[in-house]
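Understanding the architecture of this molecule
Chain residues, written in single-letter form:
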2 protein chains.
Amino acid sequence: MTTPASERSEPTASIDDALRRLRQSGGRITSAKQALIEFFFTAEAMLTAEQIGALHPDVDNSTIYRCLSQFEELGIIEHVHMGHGAAVYRRGGTPTAPITCVVCGRTEQTPISLLLPLVSAIEEETGIDVDLVHFPLSGRCIRCRSDVRAI
Amino acid sequence: MTTPASERSEPTASIDDALRRLRQSGGRITSAKQALIEFFFTAEAMLTAEQIGALHPDVDNSTIYRCLSQFEELGIIEHVHMGHGAAVYRRGGTPTAPITCVVCGRTEQTPISLLLPLVSAIEEETGIDVDLVHFPLSGRCIRCRSDVRAI
DNA sequence: TTCTTTGCAAAATGTTTGCAGATAC
DNA sequence: GTATCTGCAAACATTTTGCAAAGAA
């Protein structure tokens, strides 16, 4: 369901491109899918399936999940496990890795290019090509580090 | 519930040490807690709450969860979110960070000291002191990278 | 005796699935 | 016409919670 940065699938360049990919795989273009794809091409933030569902009240949540997983198989979108709680979704192939503060929840989108040296170093030391998108880094931001309160 | 590597609580050195910490916090020593603490001082692998519960059939799962969270507040244990699925638990203050292959599930325990330069680099770039224990790195190991099959 | 802990059952959360009818092509 | 898709309801997995009885100090 996810692939290391080094071999992510090509991002879909446009709504039509995504719909084309969907059609080519044997999928049908329904109004739900159309709406969801449009959503991903205009969304500013990464949202959970439930949040996306709330924006599309005429579409059942099970349909939301089924569409999302279909889109994901086609590389149109990808999901990110941010800390505890539900996964969030965004367009596939986005060249940034989220880094989150577990205390305040603030998320930095860090260019993957910036993190590649770290990824290489980890790979050399452990043999594992880490995927910083699917399971992103998290910790405490400067602001929250001075806070004493527990997480 | 978790703290960056730079300020993790002192690990408990022995079963008695852990029980002492428990008592000092106002907790009572019950047979369930005794058994669980003993478990953590002899366990070789990190297990989920459910797996730990299966090893203690006389203890209800809700009690398992309550004990685990009490132990965690005292720094006796810590939990790790390994990929999808349930969290796994281990003794607190362990000086290694797990790195997991999402394909085969194999986990390397990497010395935190080895990862500190990376943590520093990320902190310099993002201002976030990443916690590689609570939300560990994951990716694909060499063996699985040659595999074509999807995750 | 007092406060903590336990078991049980139920709820909460996030996600998946079976099925019968609706829809795209 | 046929395969895909949908809504609904129900299951599922993990974790949390309310409550009354049991146990530790």
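For the structure itself, consult the block above.
The structure displayed is predicted, hence computed values, not measured ones.

**Focus on the sheet that holds strand 3 (residues 88–91) of chain B**
Residue and element names in this part refer to chain B. What the 3 strands build is an open sheet, ordered 1-3-2; its pairing is antiparallel. Looking at strand neighbours, the two that pair on one side only are strand 1 (47–48) and strand 2 (77–80), the edges of this open sheet. Relative to strand 3, strand 2 is paired through 4 bridges, and the arrangement is antiparallel. Each residue of the ladder has a partner; that of V80, found in strand 3, is V88. Sitting on the sheet, helix 4 (residues 61–73) touches strand 2 and strand 3, and the angle it makes with strand 2 is about 110°.

**Description of the packing of aromatic side chains**
All names here are of chain A. With the rule as written, the count across this model stands at 2 aromatic pairs over all chains. Between F39 and F40, the aromatic rings sit 5.0 Å apart at their centres with planes inclined by 70°, giving edge-to-face as the arrangement. For the residue pair F39 and F40, the accessibility class agrees, reading buried in each case.

**Comments concerning the protein's contact with DNA strand D**
Looking at DNA strand D, there are 22 residues lining it, with R28(A), T30(A), K33(A), T63(A) and Y65(B) nearest. Expressed as a percentage, the sugar and phosphate content of the atoms of DNA strand D within 4 Å of the protein is 71%. Within the side chain of K33(A), one N or O atom sits 2.3 Å away from a phosphate oxygen of DNA strand D. Listing elements by their share of the surface near DNA strand D, those giving two or more residues are helix 2 (31–40) and helix 4 (61–73) of chain A together with helix 4 of chain B. Top contributing element to the surface near DNA strand D by residue count: helix 4 of chain A, with 5 residues. Grouping the constituent residues of the surface near DNA strand D by class yields 7 nonpolar, 7 polar and 8 charged.

So, how was this worked out
Residues numbered from 1 in each chain as written. Chains lettered and ligands numbered in written order. Predicted model: local features only at pLDDT ≥ 70, side-chain atom pairs only at ≥ 80, totals over all residues. Heavy atoms only, no water. Pairing = 2+ DSSP bridges. Helix = DSSP H or I, 4+ residues; strand = E, 2+ residues; numbered from the N terminus. Contact = heavy atoms within 4.5 Å. Axes fitted to C-alpha atoms, helices over the stretch in contact; angles between N-to-C directions. Phe/Tyr/Trp six-rings, centres within 6.5 Å; stacked < 30°, edge-to-face > 60°. Buried < 20%, exposed > 50% of the residue type's maximum accessible area, 1.4 Å probe, protein only. Near = heavy atom within 4 Å. Polar contact = N/O pair within 3.5 Å; in protein donor to acceptor, adjacent residues only side chain to side chain. Nonpolar A, V, L, I, M, F, W, Y, C, P; charged D, E, K, R; others polar.

The values are spatial; any link to function lies outside them.
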